Each structure stands twice: as C-alpha cells, then as structure tokens.
Amino acid sequence: MEMMKCVVKEQKGDGYVVLTEKPIPEVGDNDVLIRVKAVAICGTDVHIKHWDDYAQKRMNPPTIIGHEYSGVVVKVGKNVKSVQIGDVVNSDSHLVCGTCDLCRNGHSDVCYNTVVIGVHRDGAMAEYIIIPESDVNKCDLDLPFEQMALMEPLGVAVHAAMEFPIATKKVAVIGCGPIGCMGVAVAKTLGAAQVIGIELNEQRGQMALDMGADAVVNPLKEDTAARIKELSGGLGVDFVLDFSGNAGAVMGSFDYLKPDGTVAIAGLGPKPLELPCERFVTSGFCIKGVSGREIPRTWERMKGLFAAGLDISKVITHVLPLEEFDKGLELMEKGQCGKVVLKP
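Residues numbered from 1 in each chain as written. Predicted model: local features only at pLDDT ≥ 70, side-chain atom pairs only at ≥ 80, totals over all residues. Heavy atoms only, no water.

S.K.: Tell me about the sheet that holds strand 13 (residues 215-217), residues and numbers included.
M.R.: What the 6 strands build is an open sheet, ordered 13-12-11-14-15-16; its pairing is parallel. A strand with exactly one partner marks an edge of an open sheet, and here the two such strands are strand 13 and strand 16 (286-289). Adjacent strand axes in the sheet meet at a mean angle of 20° when their direction is disregarded. Where strand 11 (residues 170-174) meets strand 12 (residues 194-198), 5 bridges bridge the pair, whose relative direction is parallel. Looking at strand 12, one finds that K170 is bridged to Q194. (Pairing = 2+ DSSP bridges. Helix = DSSP H or I, 4+ residues; strand = E, 2+ residues; numbered from the N terminus. Axes fitted to C-alpha atoms, helices over the stretch in contact; angles between N-to-C directions.)

Written out as structure tokens, the structure reads:
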C-alpha cells in the first residue's frame, strides 16, 4: 500500500494538528486523483487547529485539512471523460450536489448539501487528493502553481466585488488580509474609481497599497468615517466590501456609506450584526451576504480577470515545505504574513 505525507487534525480539541502518513486514496469510477503541487493555508485551518465554534459544528476528526490547492492529475476513474492524466487542475472547496433547487437555478454557492474539503472530508494539505470529476477545474492559465492554489480564496473576493456594478464607483474594503487584498486588486481591475482599505495591521495595510489601494485607513490611528469622507470628496463611498467579519466595523461603515449604498459581507465573525432599522431604511442601504463562489460562474470570471491583467502575486509572502505547516499556521495566527503556500 502506497503512503503519502499529510497534515491531519487528529482529534477534537485545541491543537492535535500533526504531519503524518496515510494511504494514497483509491480512485472511484467518477473520481480524479491529483498530485498536489501547492496548498495555501486559510484562516479556516487556524480555526480548525484551535477547535473553535466553526470547527466544532462541522468537523469529525481525524481529517486531512486544507482546501486551497493546485496540482496535476495522475489517475482517473473509468467513467471520467473530461479530465486526462497530466492536466493541471484545482477545484472549489465546496462540493455541491448539483441537483437541489438552488443548484439547478444557479445558486450552488448556497447549496443545501455542500460538503467542504478539508472540513467534512479529507482535504489538500497532502501529497494527493481525490476529487469528483464534476468538481475539477482545468487550469489553462499561464500561472505558477502557487497562484493557481489561490483561486479558491480569490473567488470569494471576485464574488463579493462582482455582486454589484463597481466600475467607476468608490469602494471601501474592510479587512485587508489576503482575501481583502485580493478584493482590492479585483476592484481596481474592474475599474473602480477609488479603493480605500481599512486595516489595523500595518503590514497588511502596506500589502493593500501594494495590491493597488489608493489609500489605507487605520482605525487605531484615525477616525475611520471622517478620513474616508475626506478621501472620497466628502460624500463617502458607493460600496463596502467586508472581509473582516467584524460586526462593529460593518456597523461603522454606515457612517461613510452614501445613501443607496451597498455592503457586501464575505467575512465571518462571532458577534451578531445589530441594524439601526430607521437609518437603514431611510438611507436605502443594502446588505448582501456572500458565501464562497458561484460555481462555475465565478471560476470563469476569474479566468477573465487574469486575462484582463489581474495580478495576485504580491499577496503570497511565504512559500514553505509541507513539513513546516506549523510555522505557516503560526504566521497566520500572528498576522505576520499574506498568503502562506505549502509545497508537498
């Protein structure tokens, strides 16, 4: 039996994430076996490590973690037709049923039956991963594996930024972690007139500037609403993209959002959002939740954005061997990185 190296959440509780070996998974009739070339660490992996509420509600260890990856097909099941050995591929982290009313009507991003790789089933922080043929995305882009591994988180930024027509508009991005910084780059590529980042971490604020932000506001050092109004000509912004999950920051955006403005929320946070109904109604605000990616629409849009010149290379700050996964998780926890990519 051939074995592979992998990073596993061994059991429930804080910690218990280890590098170990497991058998290379068997290929089913409709499956594709992928040799993982790059896998990025996500904040979800940190949540899993510390067994927070997200992990407790969804996981049943032992499970291989990791869900942002790219690789090469090395074996296919007997019924597989659309993918061949040698194809360069990745996939969405959300495996959807394709048969429920939501999927059939183009809303697979909120499929009732979603299964998340690296959470509900073994993931990609390993030398190999098995994915159903129906979920494999063939990469025809001239990108390094490290960047192709980021298409899953990039898709969140694209989904949020393309929910509304932001071309020629002024946009604020709350939370300039890796996805927020990619949101900055996406907004600029789509033709936003101005993009203002909102970020506490100085390193990530600089990364947002490097990714194309016109300015970054640090709420610890200045009045966020006053500064954004000053930067935007006194009226505020048309759209807010939230990648922080910070309820207070979202509530605070109403102070610099124009009437009839929109907030797209892609961040997950522990505290509830308490809406001031009278102001919300009289200002005509709109709030839209953004879950993952629209499959396959967002993936096609990402290819188009790359063709239009989107560059996400600067969001990758560390490339480490798989064996140094713990160092990568620590960098994420401390906010001392952009994206950390592991190479099995």
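S.K.: Requested: an account of the packing of aromatic side chains, with residues and values cited.
M.R.: Counted according to the given criterion, the structure contains 4 aromatic pairs. Judged by centre distance (5.0 Å) and plane angle (20°), the rings of F254 and F285 are stacked. Here the residue F254 occupies a position in the loop between helix 9 (247-252) and strand 15 (257-265), and F285 occupies one in the loop between helix 10 (277-282) and strand 16, the gap between them amounting to 31 residues. By relative accessible area, F254 is classed as buried at 2%. Exposure remark for F285: the relative accessible area of 8% places this residue in the buried category. Connected via pairs of aromatic rings, a cluster forms that spans F254, F280 and F285. One residue, R35, lies across the ring of Y128, its end atom 5.4 Å from the ring centre. (Phe/Tyr/Trp six-rings, centres within 6.5 Å; stacked < 30°, edge-to-face > 60°. Buried < 20%, exposed > 50% of the residue type's maximum accessible area, 1.4 Å probe, protein only. Lys NZ or Arg CZ within 6 Å of the ring centre and 35° of its normal.)

S.K.: Could you give me a rundown of empty space enclosed by the protein, with the residues and numbers involved?
M.R.: Within the structure shown, the criterion is met by 1 cavity of 30 Å³ or more. Its boundaries defined by the atoms lining it, the largest cavity holds a volume of some 30 Å³. Taken together, A160, A161, F164, I166, F239, V240, L241, T262, V263 and A264 make up the full set of residues lining the largest cavity. Elements that contribute at least two residues to the lining of the largest cavity include exactly helix 5 (151-161), strand 14 (237-242) and strand 15. In terms of residue class, the lining of the largest cavity is made up of 9 nonpolar, 1 polar and no charged. (1 Å grid on protein atoms, 1.4 Å probe; cavity = no way out; pocket = protein on both sides within 12 Å on 5 of 7 lines; lining within 4 Å. Points joined across faces, edges and corners; volume = space filled by probe spheres on them. Nonpolar A, V, L, I, M, F, W, Y, C, P; charged D, E, K, R; others polar.)

S.K.: Could you give me a rundown of helix 5, with the residues and numbers involved?
M.R.: Extensive coverage of helix 5 is indicated by the burial of 11 of its 11 residues. Among the residues of helix 5, M151, E152, P153, L154, G155, V156, A157, V158, H159, A160 and A161 are the ones counted as buried.

S.K.: Before we move on, can you summarise helix 6 (residues 178-189) with the specific residues and values?
M.R.: Helix length check: helix 6 (12 residues) gives 17 Å between terminal C-alpha atoms against 16 Å at 1.5 Å per residue, within 8%. Here helix 6 lies mainly inside the structure; 9 of its 12 residues are buried. Residues of helix 6 that are buried include every one of P178, G180, C181, M182, G183, V184, A185, V186 and A187, and no others. Its buried side turned inward, helix 6 meets helix 5, strand 11, strand 12, helix 7 (202-210), helix 11 (297-307) and strand 18 (339-343). A positive phi of about 100° marks G191, the residue just after helix 6. (Expected span 1.5 Å × (residues − 1). Contact = heavy atoms within 4.5 Å.)

S.K.: So what's going on with the pairing of strand 14? Which residues, and what values?
M.R.: Two faces belong to every sheet, and in a regular strand the side chains alternate between them. For strand 14, the tally of buried residues reaches 6 of 6 residues, placing the bulk of the element in the interior. As judged from the 4 bridges shared by strand 11 and strand 14, these two strands associate in the parallel manner. Counted as the bridge partner of A172 is V240 from strand 14. Regarding topology, helix 9 serves as the crossover connection from strand 14 to the parallel strand 15, and that connection is right-handed. (Right-handed = clockwise from strand over helix to strand, strands pointing away.)

S.K.: So what's going on with the side chain of K339? Residues and values would help.
M.R.: Looking at the element boundaries, K339 is found in strand 18. The class for K339 is buried, based on a relative accessible area of 2%. If we ignore the near neighbours within four places in the chain, the residues touching K339 are A40, I41, C42, E68, L150, P153, P178, V315, I316, T317 and H318.

S.K.: If you had to explain the layout of surface pockets to someone new, which residues and values would you point to?
M.R.: In this structure, the second largest pocket spans a volume of roughly 280 Å³. Considering the residues around the second largest pocket, the lining is formed by 14 residues, among which S134, D135, V136, I295 and P296 are closest to the centre. Top contributing element to the lining of the second largest pocket by residue count: helix 11, with 3 residues. Tallied by class, residues from the lining of the second largest pocket come to 5 nonpolar, 5 polar and 4 charged.

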